Every structure is written in structure tokens, then in C-alpha cells.
Amino acid sequence: MINKLLLTLLVVFSSVSSSYAIFDKYSINREDLPEISRIFLDEHFPKAKVSMVKTDKHLLKKTDYDVKLTNGTKIDFNNKGEWTAVDCGKKAVPETIIHSRITAYVSKNHSECKIVSIAKKNLGYNVGLSDGKILRFNALYQFKGTLTDESLSDDTNSSD
């Protein structure tokens, strides 16, 4: 009896989760992005070409965009077309994206590192350095600490 119930729940869960995948769309056409996202790409990554655009449509008509460039950079945009995260792998994030107070702090306190990722969070920014550290800044660009593995998992589980 319990096995049949578990099997039924598994089948229902699988069909529901696969139905959400129908809302995802993949393309290489940057025209599938909102205009503000295209302007961001033109301004901060003028020479990079788009290798993939994943459009995530959610049930509540919220749409997110995951973009991968041919140089390996990954950029997430929200439903308004505003960037929420930029991950350049091992390359530096363009300084034009990062607020000058964050850049100044990293230059002064982590001069041997470059900023390779940045993510907007509810109350600030997470900044990834080339040495693997993740720094936390508040909405006023003030340094708030280094994220540990434990605090990072708590932060990623919170909603944006």
C-alpha cells in the first residue's frame, strides 16, 4: 500500500515538474531579451557574442533570463531585464558594472585579487574574488564580511 502511494506521488511529482520545463525556452537570439538587457550587453560586453539565452517563464508570469556568452560569461536578468548576477569565470567582471566603493574596497584590501562575479541580493551584493572568497556588501556598498560556506548556503536559500 505504501509502495503504491509512493509510486503515485513520484509519478505526479515527475509530471508536474516536467510540465514546468515546457515554460523554458532556449535560443541564441539576443532579440529574445528585453531591451534593457540588450543595452547592458552592448555597454559592458560589446565584443562578446551570445551563445545561449534561456528564458525561464514561471507560473505567475514572471520571466527570468539566463544568458551565456561565447567567452564563458554567465549573466542572469530578472523579469524587468535588469541584471541580477554576472559570473565571468576566471576573468574580471567589467569595472563599469561594479560600484566604485566596492572596487575601491577590493583594491585596498584584496589587491592581489580580481572580482570575477557579482550578484545582487535583497540587502546588498555578493562579490566573488579570484581567490575564491565571497565578500558581502550592503545596499550602501559597505563591506559586511566574508561569506562562509554555511552563510553562503543560507544566503542562496533566501529569496531575491
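On a predicted model such as this, the values are computed, not experimentally measured, just so you know.

Rules used in this analysis
- Residues numbered from 1 in each chain as written.
- Predicted model: local features only at pLDDT ≥ 70, side-chain atom pairs only at ≥ 80, totals over all residues.
- Heavy atoms only, no water.
- Buried < 20%, exposed > 50% of the residue type's maximum accessible area, 1.4 Å probe, protein only.
- Helix = DSSP H or I, 4+ residues; strand = E, 2+ residues; numbered from the N terminus.
- Arc of directions from axis to C-beta.
- Contact = heavy atoms within 4.5 Å.
- Polar contact = N/O pair within 3.5 Å; in protein donor to acceptor, adjacent residues only side chain to side chain.
- Pairing = 2+ DSSP bridges.
- Salt bridge = Lys/Arg side-chain N within 4 Å of Asp/Glu carboxyl O.
- Phe/Tyr/Trp six-rings, centres within 6.5 Å; stacked < 30°, edge-to-face > 60°.

Undergrad: Would you mind going over helix 2 (residues 35-44) with me for this structure?
TA: Because an α-helix packs 3.6 residues into every turn, residues spaced three or four apart end up facing the same way. Among all positions of helix 2, only Ser37, Arg38, Phe40, Leu41 and His44 are buried. One face of helix 2 carries all of its buried residues, which in axial projection span an arc of 155 degrees. What points out from helix 2, more than 90 degrees from its buried face, is the exposed set Glu35 and Glu43. The secondary structure elements touched by the buried residues of helix 2 are strand 2 (50-57), strand 3 (63-69), strand 4 (74-77) and strand 5 (83-87).

Undergrad: How should I be thinking about the side chain of arginine 38 in this particular structure?
TA: Along the polypeptide, arginine 38 turns up in helix 2. Within the structure, arginine 38 has its side chain in polar contact with the backbone oxygen of leucine 33 (distance 2.5 Å). When neighbours within four sequence positions are excluded, arginine 38 is seen to be in contact with Arg30, Glu31 and Leu33.

Undergrad: Looking at this structure, I do not really get the pairing of strand 3. What am I missing?
TA: Every other side chain in a regular strand lies on the same face of the sheet, so the side chains alternate between the two faces. A large share of strand 3 lies buried, amounting to five of its seven residues. Alignment of strand 2 against strand 3, held across seven bridges, turns out to be antiparallel. Bridged to valine 50 within strand 3 is leucine 69. For strand 3 and strand 4, the ladder comprises four bridges, and the chain directions are antiparallel. Counted as the bridge partner of tyrosine 65 is phenylalanine 77 from strand 4.

Undergrad: How should I be thinking about the pattern of salt bridges in this particular structure?
TA: It is possible for side chains of opposite charge to pair when their charged atoms get near one another. What the rule picks out here adds up to three salt bridges. Here aspartate 131 makes a salt bridge to lysine 133, at a shortest N to O gap of 3.7 Å. For aspartate 131, a relative accessible area of 38% corresponds to the partly exposed category. Residue classification places lysine 133 among the partly exposed residues on the basis of a relative accessible area of 38%.

Undergrad: Where do I start with the packing of aromatic side chains in this structure?
TA: Remark: the centre distance and the inter-plane angle together describe each pair of aromatic rings, the angle taken between the planes. Tallied over the entire structure, the rule returns seven aromatic pairs. Here tyrosine 125 and tyrosine 141 contribute two aromatic rings whose centre-to-centre distance is 5.5 Å and whose plane-to-plane angle is 25 degrees, an arrangement assigned as stacked. Here tyrosine 125 is found in strand 7 (residues 124-129), whereas its partner tyrosine 141 is found in the loop between strand 8 (134-138) and strand 9 (143-146), with 16 residues between them in sequence. Overall, tyrosine 141 belongs to the partly exposed group, its relative accessible area being 23%.

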